Each structure stands twice: as C-alpha cells, then as structure tokens.
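Analysis of the macromolecular model
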Amino acid sequence: MTTMLVDNAKVMAKGQITLPKDIREALGVKTGDRVTLISRDNQVIMMNSAVYAMNMLQSAMTGEAEKAGLRSDEDVVDLIGKMRSEEQA
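Reading the values: rules and limits
- Residues numbered from 1 in each chain as written.
- Predicted model: local features only at pLDDT ≥ 70, side-chain atom pairs only at ≥ 80, totals over all residues.
- Heavy atoms only, no water.
- Helix = DSSP H or I, 4+ residues; strand = E, 2+ residues; numbered from the N terminus.
- Rg over C-alpha atoms; globule rule 2.2 N^0.38 Å.
- Buried < 20%, exposed > 50% of the residue type's maximum accessible area, 1.4 Å probe, protein only.
- Polar contact = N/O pair within 3.5 Å; in protein donor to acceptor, adjacent residues only side chain to side chain.
- Contact = heavy atoms within 4.5 Å.
- Expected span 1.5 Å × (residues − 1).
- Patch = residues over 30% accessible without salt bridge, like charges linked within 9 Å, V, L, I, M, F, W, Y side chains within 5 Å.
- Areas by Shrake-Rupley, 256 points an atom, 1.4 Å probe, with all protein chains shown as cover.
- Salt bridge = Lys/Arg side-chain N within 4 Å of Asp/Glu carboxyl O.

**Brief notes about the overall build of the protein**
A tally of regular secondary structure across the protein gives four helices and two strands. The helix and strand sequence of the protein, counted from the amino end, reads α-β-β-α-α-α. For a compact globule of 89 residues, the expected C-alpha radius of gyration is about 12 Å, and the protein comes in at 21 Å, more than 25% above that figure. Dimensions along the principal axes, computed over C-alpha positions, put the protein at roughly 60 × 30 × 25 Å.

Dropping the structure here:
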C-alpha cells in the first residue's frame, strides 16, 4: 500500500521552498541532492532525481534483452562468457 504524505511549504521571494523533513526522508534526499519536478495539469510531482533517472532508464530498456536474444539467465551467462573470451583474445 502506498503511503501518502501531505505537507506545506512557503514560497520565498526567489521562488525557493524548504522541503519539510518528512518529505525529504520519504524521498531519500539529503543536502546537495537533486530532485526532479514534473508538472502536469495543476499538480507537481517531485522525485529524487537518481530514482527518476533509474525509472527512465528501466522504461527505455524494457524489452531490449529479448531483442538481443537474452531470454534466460543461462543466455546472459553465455553472453558474458563470450565477451570475456573475446577480451582475452
């Protein structure tokens, strides 16, 4: 089940906000980390940028293993073995 957190932040003169502690903890962000903001309609989704990047990569890679003929763990092991033997040659 997804936990929903609701909190508020005041927009300062330069457009800056301070993320409430519970939101920072839920996103797993610390000082110096980056967040990604996605605006859709009248809502903003905020994500840890590292998590967002990983989600985008996973989406882009969906189905690529099958296209490359990798359908099982054994296929992956065989490919790694072939690549290692090519490096040694």
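**Quick word on the side chain of Asn48**
With respect to the helices, strands and loops of the structure, Asn48 is situated in strand 2 (residues 43-48). The exposure class assigned to Asn48 is buried, which follows from its relative accessible area of 12%. A distance of 3.2 Å separates a polar atom in the side chain of Asn48 from the backbone oxygen of Leu27. Contact partners of Asn48, with chain neighbours within four places excluded, come to Leu27, Gly28, Val29 and Arg34.

**Side note on helix 2 (residues 49-61)**
Since one α-helical turn is 3.6 residues long, residues separated by three or four positions face the same way. For helix 2, which comprises 13 residues, the first-to-last C-alpha distance of 18 Å matches the rise-based estimate of 18 Å (1.5 Å per residue) to within 8%. The backbone nitrogen of Ala50 lies 2.9 Å from a side-chain oxygen of the residue at the head of helix 2, namely Asn48. In the segment just after helix 2, Gly63 is the residue with positive phi, at about 85°.

**A closer look at a nonpolar patch on the surface**
Together, Val35, Leu37 and Val44 make up a nonpolar patch on the protein surface, roughly 260 Å² of accessible area in all. Here Leu37 is to be found in strand 1 (residues 35-40). Exposure remark for Leu37: the relative accessible area of 54% places this residue in the exposed category.

**Considering the environment of Ile17**
Position of Ile17 among the secondary structure elements: in the segment before helix 1 (21-27). Between the alpha carbons of Ile17 and Val44 there is a distance of 14 Å; along the sequence they are 27 residues apart.

**Some details on the pattern of salt bridges**
Going through the model one piece at a time under the given rule, you end up with two salt bridges. Lys21 is the salt-bridge partner of Glu25, the closest N and O atoms lying 3.8 Å from each other. Of the two residues, Glu25 and Lys21 both sit in helix 1, four residues apart, roughly one turn of that helix. No difference in accessibility class separates Glu25 from Lys21, as the two residues are exposed. Linking Glu64 and Lys67 is a salt bridge whose minimum nitrogen-to-oxygen distance equals 3.1 Å. Of this pair, Glu64 and Lys67 are both found in helix 3 (residues 64-67), three residues apart, which corresponds to roughly one turn of the helix. Lys67 sits in the exposed class, given a relative accessible area of 67%.

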